[in-house]
Structure formats: structure tokens, C-alpha cells
Amino acid sequence: MLFRSKRRSNVSFFEQNFATFFEPNHFIKLTPTSSDPLVVLADGLKRFVAAGQLSPSQADDLLAREQMGNQLIINTISVPHAKAEVPQSYSVFVIKPEPTRKLKVDDQVIKLFVCVLVKPDITDPGKIFTFIYQHLSSIATERLDQINSYSEMMTLWQ
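Predicted, not measured: the structure shown is a model, and the values here were computed from it.

Turning our eyes to something else, we now look at the side chain of Asp43. As for its position among the elements, Asp43 is in helix α2 (residues 37-50). In this structure Asp43 is buried but unpaired, with Lys46 as the nearest side chain of opposite charge at 4.2 Å. Side chain to side chain, Asp43 and Thr33 meet in a polar contact 2.9 Å long. Discounting residues that sit within four places of it in the chain, Asp43 has contacts with Leu30 and Thr33.

Written out as C-alpha cells, the structure is:
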């Protein structure tokens, strides 16, 4: 019973605070220049760096983890993640590639990148991934094609 109560409180925490981790300027749409998901991810992260939303080292950390084969893919959504110094406990950035090219990682189609940075001193960094998994695992992939803005992306977390 305590375990279920703890899990509910974790979900409640993320539901209440997700907008502070995923700010409106943390969503971009991108026309892919390649069918390689790493190239598309790098291009999106460069845009966040150019806009001052990410530091170059944060972008490099996310890319390095992905290049090591540390990919988390949930229901056609790639979830690049790394530890980094961020203002809050977590920072979430979303890159929505236009469907002009088919992106795949190990035969899994990628329709969206949800990048997560976790402050290094977080005791249990996996909690946010449980929350993300619970919200994204059952979404119809056709619905992801219709996500074109921050507000549409936020509907997935409610």
C-alpha cells in the first residue's frame, strides 16, 4: 500500500510541476536534413543552443549518451537523457521533426524527441522516466503526427 501511495505522489508531483520542467520555448519543429535520427537530434539541439535554451555542454551530453547506444524509445518517441546542471530538478525539451523523412533507430520509427536533463544530485532520477513512460506509452502514434505546438504537446501530459 505504501508503494502505491508513493508512486501516486510521484505522479502527482510531475503532473503539478511538469510545466516548470517543459517551458513553452522548449518545443521546436524541425525539417530533417537527414534520415539519421542522431543528425536530426543534433540539428534540434543546435537550435536550442542558438536560442540560449541549452548550453553547448548540455547538448553534447545528450548527444554523447545517444551515440553510446543509450537510447530509450517509447512508442515512436525517442527520449534522449543525461545528467546536467539545470535550474530546476529536470528540464525537458521537445523536438518535433516534420514527417518528410522516415527516422529509425534499430527498426523503430521515431516521430518525436523528448529530451530530458536531470540535475546530478537527484536521488532517484528514474521517477521522471516512469512518469514519461506512463503518459507516452499508450498514445496512438497517429496523434503524434498532429502535435505541432507546445500547447498540443502539453495535452499529452494531462
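More follows now that the structure is in view.
This brings us to α2. Taking 1.5 Å per residue as the helical rise, α2 with its 14 residues ought to reach 20 Å, and the 20 Å between its terminal C-alpha atoms agrees with that figure. Check the buried side of α2 and you find it contacts β1 (27-30), α3 (56-67), β5 (90-97), β6 (103-105) and β8 (112-118). Between a side-chain oxygen at the N-terminus of α2 and the backbone nitrogen of Leu38 the separation is 2.9 Å; the capping residue is Asp36. With its phi angle positive at about 80°, Gly52 sits one or two positions after the end of α2.

Here we take up the confidence of the model for the protein chain. Regions with low pLDDT should not have their predicted coordinates read in detail. The predicted model of the protein chain averages 87 in pLDDT, with 92% of residues at 70 or higher. In the model of the protein chain, helix α1 (residues 2-21) stands out as the element of lowest mean pLDDT, 66, in contrast to α2, which has the highest, 97. Low pLDDT, under 50, characterises residues 1-9; the predicted model gives this stretch two contacts beyond four residues in sequence or across chains.

Okay, the nonpolar core next. A general trend in soluble globular proteins is that nonpolar side chains are found buried together. Core analysis: the biggest nonpolar cluster contains 29 residues, and Phe22, Val92, Val114, Val116, Leu136, Met153 and Trp157 have the highest contact counts within it. Those elements that provide at least two residues to this core are α1, β5, β8, α4 (126-136) and α6 (150-154). Considering each element in turn, this core owes the most residues, five residues, to α4. If we ignore the near neighbours within four places in the chain, the residues touching Leu136 are Ile74, Asn75, Ile77, Val114, Leu156 and Trp157. Listed in part, the 22 residues of the second largest apolar core include Leu41, Ala84, Val86 and Ile95.

A word on the pairing of β5. Summarising burial for β5: eight of the eight residues are buried, a large majority. Burial along β5 is two-sided: the face carrying Tyr90, Val92, Val94 and Lys96 and the face carrying Ser91, Phe93, Ile95 and Pro97 are both buried. Bridging between β1 and β5 involves four bridges; their strand directions are parallel. Counted as the bridge partner of Phe27 is Val94 from β5. Examined bridge by bridge, β5 and β8 share six bridges and lie antiparallel to one another. Bridge pairing in β8 links Phe93 to Cys115.

Attention shifts here to the pattern of salt bridges. The final tally for this structure, using the stated rule, is three salt bridges. Between Glu85 and Lys119 there is a salt bridge; the shortest N-O distance is 3.8 Å. Of this pair, Glu85 sits in the loop between β4 (81-83) and β5 while Lys119 is found in the loop between β8 and α4, placing the two residues 34 residues apart along the sequence. Its relative accessible area of 57% is what places Glu85 among the exposed residues.

Here is what the cut-offs are and how they apply
- Residues numbered from 1 in each chain as written.
- Predicted model: local features only at pLDDT ≥ 70, side-chain atom pairs only at ≥ 80, totals over all residues.
- Heavy atoms only, no water.
- Helix = DSSP H or I, 4+ residues; strand = E, 2+ residues; numbered from the N terminus.
- Buried < 20%, exposed > 50% of the residue type's maximum accessible area, 1.4 Å probe, protein only.
- Lys, Arg positive; Asp, Glu negative; His and termini not counted.
- Salt bridge = Lys/Arg side-chain N within 4 Å of Asp/Glu carboxyl O.
- Polar contact = N/O pair within 3.5 Å; in protein donor to acceptor, adjacent residues only side chain to side chain.
- Contact = heavy atoms within 4.5 Å.
- Expected span 1.5 Å × (residues − 1).
- pLDDT = per-residue confidence, 0-100.
- Core = buried A, V, L, I, M, F, W, Y, C linked by side-chain atoms within 4.5 Å.
- Pairing = 2+ DSSP bridges.

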